[in-house]
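A look at the structure
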Amino acid sequence: MNTVPSGWEGLLDEGETILWQGRPVAGLSFHGSDVMSMAMGVFFMGFSIFWMGMAANITSGFNGFGGGFPKLFPLFGIPFFLIGFYNAIGHVFWKAYLRSKTHYTLSSKRAFIATDHPSSGRLLRDYPIDAQTDIILKVGPPDSIWFAGKRIGFARIEDARSVHKLMRQIQKDTP
């Protein structure tokens, strides 16, 4: 008799078994695609600091129409500074945080990605693994396996090569 592991009741199909479970390797990760985002973020931050400084300089001696409102004008640059900060380095820390809240599972039919997202709550996404699934092993370190596009998969896992082999076996066993 095939028993379903605790917590997986009602999630697995009849005859579906869990083959592997793991988590992403912790830590910060930089990719080539991050370079443009970081450069744009630094530019955005620099421009917003320049803009806030100029706005503060212009409104410093303003005592006319609007009372104290013109003195608040330089503060409108803060959201742009924060957007720039996120693009420059914040996204690297955010992705690392999300990875720390992520668990992976490979069953005999599907790949599951579970994330405890701070705003969306606990999410469980599943992706079928069949003969048509494009499986990409990206050599690290650590290695990653992409199976639902170039950015969805088991990112930064230590035993990626053995998991990749399991996934290819699932493909071969799929009619």
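Located above this text is the structure these notes cover.
Residues numbered from 1 in each chain as written. Predicted model: local features only at pLDDT ≥ 70, side-chain atom pairs only at ≥ 80, totals over all residues. Heavy atoms only, no water.

The next point concerns the nonpolar core. Counting 18 residues, the largest nonpolar core has Leu106, Phe147 and Phe154 as the members making the most contacts within it. Among the elements of the structure, β2 (102-107), β3 (110-117), β6 (143-146), β7 (153-157) and α4 (160-173) are those that each provide at least two residues to this core. Top contributing element to this core by residue count: α4, with four residues. In this structure Phe154 touches Trp20, Tyr104, Thr105, Leu106, Ala111, Phe112, Ile113, Ser144, Ile145, Phe147 and Val163, once residues within four positions along its chain are discounted. (Core = buried A, V, L, I, M, F, W, Y, C linked by side-chain atoms within 4.5 Å. Buried < 20%, exposed > 50% of the residue type's maximum accessible area, 1.4 Å probe, protein only. Helix = DSSP H or I, 4+ residues; strand = E, 2+ residues; numbered from the N terminus. Contact = heavy atoms within 4.5 Å.)

The next point concerns the sheet that holds strand β4 (residues 121-128). Strand order in the open sheet formed by four strands is β1-β2-β3-β4, and the pairing between neighbours is antiparallel. In this open sheet, the two strands that pair with only one neighbour each are β1 (18-22) and β4. On average, each strand axis in the sheet is tilted by 15 degrees relative to the strand beside it, whichever way the strands run. Sheet topology note: the β2/β3 ladder contains five bridges and is antiparallel. Residue pairing across strands places Thr105 opposite Phe112, the latter belonging to β3. Of the strands in this sheet, β1 and β2 are in contact with α4, which crosses β2 at around 40 degrees. (Pairing = 2+ DSSP bridges. Axes fitted to C-alpha atoms, helices over the stretch in contact; angles between N-to-C directions.)

A separate point is the pattern of salt bridges. This structure, assessed with the given rule, holds five salt bridges. For Lys95, the salt bridge goes to Asp34, with nearest N and O atoms at 3.8 Å. A residue pair is termed long-range when its members are at least 10 positions apart, and Lys95 in helix α3 (residues 78-100) and Asp34 in helix α1 (residues 34-59) qualify at 61 residues. Overlapping salt bridges bring together Asp13, Glu16, Arg110 and Asp126 as one network. (Salt bridge = Lys/Arg side-chain N within 4 Å of Asp/Glu carboxyl O.)

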